[in-house]
Amino acid sequence: MPNQNDGNNGKGPGLGEAPALSHDAPMRRAGYVLDWRDALAWEALPREMRGWRKGVMLLWLAGAGAVLALLPERVAGTEGSLQYYAVLVALLAVQYGIATAALTGMRYLRARRRFPHPVQVRLDFWGDHLEESRSDLVAPQVIVPEYCGVFITTPSHMFVPYLRDQVLIVPVLAFDSAEAMRAEAASYEELWAGMRDEM
């Protein structure tokens, strides 16, 4: 992922200065390594298909009807027959399978682009912000409440999306347990929701 820290005093991509600190050191610090498999865990999260992607998918599936129309009657059967609908369902399944394979391949490509090589990470938990220092970036990334989305937890990771297309990826090994990860994510979500309401 390219470094996007220009013009922000080394405080992260477009985030400016972090909120004033209420303590002299982070509440805790975690160190870990991220690679493309961690990025794939983020890419693989279920998402609603929107915009042009949804349109392309619908057109692609509609193509099954066009293929059906081109097939000879001995293969497709007469319109309205059981054979006709069986062939249509089979074509839709093939079209859907191809689309799914293409989308999966795109997820792998995005994951590889995000972390082409393993990255050493240090994450400081400050309470009013999170500070991520990575071996592939010159300056730390400071994530503050007003620029981030909802904390997301899975059995293996905690994700904190921020800005338009950035995400903080934290593996479960950065916590004492999966339960501790979920509890900390819930605590941050509650704290930061209150901070946003006060802005």
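Quick summary incoming for the structure in this document.

Conventions adopted
Residues numbered from 1 in each chain as written. Predicted model: local features only at pLDDT ≥ 70, side-chain atom pairs only at ≥ 80, totals over all residues. Heavy atoms only, no water. Phe/Tyr/Trp six-rings, centres within 6.5 Å; stacked < 30°, edge-to-face > 60°. Helix = DSSP H or I, 4+ residues; strand = E, 2+ residues; numbered from the N terminus. Buried < 20%, exposed > 50% of the residue type's maximum accessible area, 1.4 Å probe, protein only. Lys NZ or Arg CZ within 6 Å of the ring centre and 35° of its normal. Axes fitted to C-alpha atoms, helices over the stretch in contact; angles between N-to-C directions. Parallel < 35°, antiparallel > 145°, perpendicular 65-115°, else oblique. Left-handed = near helix turned anticlockwise from the far one by under 90°. Contact = heavy atoms within 4.5 Å. Nonpolar A, V, L, I, M, F, W, Y, C, P; charged D, E, K, R; others polar. Salt bridge = Lys/Arg side-chain N within 4 Å of Asp/Glu carboxyl O. Polar contact = N/O pair within 3.5 Å; in protein donor to acceptor, adjacent residues only side chain to side chain. Pairing = 2+ DSSP bridges.

We now examine the packing of aromatic side chains. Under the definition given, this model contains 8 aromatic pairs. When the ring of Phe125 is compared with that of Tyr188, the centres are 6.3 Å apart and the planes differ by 55°; the resulting orientation is tilted. Residue Phe125 is found in strand 2 (residues 119-125), and its partner Tyr188 is found in helix 5 (residues 178-198); the two are separated by 63 residues along the sequence. Of the residues examined, Phe125 reaches a relative accessible area of 1% and is grouped as buried. Members of the aromatic cluster, each reached through a chain of ring pairs, are Phe125, Phe151, Phe175, Tyr188 and Trp192. Lying across the ring of Trp36, Arg112 places its NZ or CZ 4.0 Å from the centre.

Okay, the environment of Arg164 next. Looking at the secondary structure, you find Arg164 in the loop between strand 6 (157-162) and strand 7 (166-171). Through-space distance from the C-alpha of Arg164 to that of Gly149 is 9.6 Å; in sequence the pair is 15 residues apart.

All right, on to the packing of helix 1 (residues 36-43) against helix 4 (residues 82-114) then. A pair of packed helices is characterised by two quantities: the angle between their axes and the separation of those axes. Packing of helix 1 against helix 4 leaves a shortest axis separation of 8 Å and a crossing angle of 135°. What the angle tells us is that helix 1 and helix 4 run oblique. Read as a crossing pair, helix 1 and helix 4 show a hand that is right-handed. Together, Trp36, Ala39, Leu40, Trp42 and Glu43 of helix 1 and Arg107, Tyr108, Arg110, Ala111, Arg112 and Arg114 of helix 4 make up the contact between the two elements. Of the residues assigned to the contact of helix 1 with helix 4, the class counts are 6 nonpolar, no polar and 5 charged.

With respect to the element layout, Glu184 can be found in helix 5. Residue classification places Glu184 among the buried residues on the basis of a relative accessible area of 18%. Excluding anything up to four places from it in sequence, Glu184 contacts Arg28, Phe125 and Phe175.

So, on to the pattern of salt bridges. Evaluation of the coordinates by the stated rule reveals 7 salt bridges. A salt bridge links Arg28 to Glu184, with the shortest nitrogen-to-oxygen separation between them at 3.2 Å. One end of the pair, Arg28, is in strand 1 (residues 28-34); the other, Glu184, is in helix 5, with 156 residues separating them in the sequence. Judged by relative accessible area, Arg28 falls into the partly exposed class, the value being 26%. For Glu43, the salt bridge identified is with Arg110, shortest N-O distance 2.8 Å. Note that Glu43 is positioned in helix 1 and Arg110 in helix 4, a separation of 67 residues in sequence. Classification of Glu43 by relative accessible area gives buried; the value is 6%. The network of salt bridges with common partners includes Arg29, Arg122 and Asp124.

What follows is about the side chain of Gln166. With respect to the helices and strands, Gln166 occurs in strand 7. Of note is the side chain of Gln166, whose polar atom sits 3.0 Å from the side chain of Asp165.

This part covers the sheet that holds strand 5 (residues 152-153). Taken in spatial order, the 3 strands line up as 5-6-7 in an open sheet, and their pairing is antiparallel. Only two strands of the sheet have a single partner each, and these edge strands are strand 5 and strand 7. As defined by bridge partners, strand 5 adjoins strand 6 across 2 bridges and the pair is classed as antiparallel. Paired with Thr153 across the two strands is Met158, which belongs to strand 6.

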